[in-house]
Structure formats: C-alpha cells, structure tokens
Amino acid sequence: MVENILMDEMAINRTLKRIAHEILERNKTLEDVVLVGIKTRGEYLANRIATKIKEIEGHEVAVDYVDITFYRDDLTHATVSDEPEVTEATFSHDLTGKKVVIVDDVLYTGRTVRAAMDAILDQHRPSHIQLAILVDRGHRELPIRADFVGKNVPTAKTERIAVRLSEVDNGEDQVVIVK
C-alpha cells in the first residue's frame, strides 16, 4: 500500500478558509444558513468551517449533523438487523426554509450525499441545499455536483482517498491518496 500526501494540515486549513469565504459569498446572510456535516468527518469539517466563518464575519452559523446509515441504499434488511441500532436521523435545528450546506470529506459516487439529502428531506423542507466537499475524486454514479470544492483529485477506481482529521485520527490532519 503506497500513500501520497495530497494535503497537509496547512493546506486543509487554507482550503476550509476558502470554502468558508465561498459560502459567505453565495449566501448573503447567515441567519438562514445551517451547515449539516455528514458523520463522521463531515461533522468535524462543518465545525471547522463554522469557526472560520465566525473568524471572518464575527457571527456564528448554525451547525447540525446527520448520520446517514438508515438512508443508505447499500444496506439490506439482514445487514440493518445485525447493526446495534439504526434509526432515522434527528436534527437539533428546524431546517425548513433554511439554506442547508451539506458538508463531507470526499465526494465519490454521490450515494452518501443522496442519503444525506434523503435524511434531511424526510423531515424538513429547506429552501436550498448546497454541498461543500473537501475532496472531489470523480466517478459519480448519481448526478450530484458540489457547490464548494476544496480540491479536485482525479483518481482511478482502484485508488482511495483517505482524509485524516485530528479529532478522530490520532491528532493528524492530512489527505492522502492510497494506491
């Protein structure tokens, strides 16, 4: 297994700051914006983007999280019953009428993002849904495109992008391509 570093801690920081600026430019006011991170790494990226937005604007932006396990299209009934507890997504904010920015680490087939949209639309009716991605690696199976992209990395299907964040990966911040 060979790993090549695509982004180090400084590059991730710069990228998240740029994404924060782009979100601010696209959404004129923050009152109706909610960042929704897809668990697990998306939730930490959403928190980091919210921190950057506060540093830039001096105002907090709402942050929420979504666990898409219940909404995945690759789980069979047998698989679901083997899991400890798979439940519908719950949100701490009312997303109806809000501009929701879904945040995730890697955009690949689009199925994870579709599951996140299903989870949101199951319970709420946002005015807009936007997508912020740290790395877009291509190979879409669904017609989903990110509004805010940190880095486009064309990959082979045999390669994998690994995003490592200090909050969950032993204090390490980097993006690597694994061959």
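Residues numbered from 1 in each chain as written. Predicted model: local features only at pLDDT ≥ 70, side-chain atom pairs only at ≥ 80, totals over all residues. Heavy atoms only, no water.

As annotated in an unreviewed UniProt entry, the protein chain carries the name Bifunctional protein PyrR and is attributed to Globicatella sulfidifaciens DSM 15739. What UniProt states about the protein chain under its Subunit (unreviewed entry) heading is, verbatim, "Homodimer and homohexamer; in equilibrium." (UniProt positions renumbered as here; feature names shortened; annotations may be inferred.)

*Asks:* Is there a simple way to explain the overall build of the protein chain in this structure?
*Replies:* Per the secondary structure count, the protein chain includes 4 helices and 8 strands. For the protein chain, the α and β elements follow one another from N to C terminus as β-α-β-α-β-α-β-α-β-β-β-β. For a compact globule of 179 residues, the expected C-alpha radius of gyration is about 16 Å, and the protein chain comes in at 16 Å, within 12% of that figure. Each principal axis of the C-alpha distribution contributes one length, and for the protein chain these read about 45 × 40 × 30 Å. Taking as baseline every contact in the protein chain between residues at least 6 positions apart, the subset at least 24 positions apart corresponds to 72%. Counting only carbon and sulfur atoms, one obtains 46% of the accessible surface of the protein chain, whose full area is about 9500 Å². Averaging the coordinates of the 24 positive side-chain charges in the protein chain and doing the same for the 32 negative ones gives two points 6 Å apart. (Helix = DSSP H or I, 4+ residues; strand = E, 2+ residues; numbered from the N terminus. Rg over C-alpha atoms; globule rule 2.2 N^0.38 Å. Contact = heavy atoms within 4.5 Å. Areas by Shrake-Rupley, 256 points an atom, 1.4 Å probe, with all protein chains shown as cover. Lys, Arg positive; Asp, Glu negative; His and termini not counted. Charge placed at Lys NZ, Arg CZ, Asp CG, Glu CD.)

*Asks:* Mind showing me how you'd approach the sheet that holds strand 7 (residues 160-164) here?
*Replies:* Two orientations exist for strands paired in a sheet by backbone hydrogen bonds: parallel and antiparallel. Spatially, the 3 strands line up as an open sheet ordered 1-8-7, and their pairing is antiparallel. Where the open sheet ends on each side, the last strands, each with one partner, are strand 1 (3-7) and strand 7. Each adjacent strand pair in this sheet contributes to an overall mean axis angle of 30°, direction not counted. In this sheet, strand 8 (residues 174-178) lies alongside strand 1 in antiparallel orientation, the contact comprising 4 bridges. Paired with E3 across the strands is V178, a residue of strand 8. This element, helix 1 (residues 9-26), spans strand 1 and strand 8 of the sheet and lies at about 40° to strand 1. (Pairing = 2+ DSSP bridges. Axes fitted to C-alpha atoms, helices over the stretch in contact; angles between N-to-C directions.)

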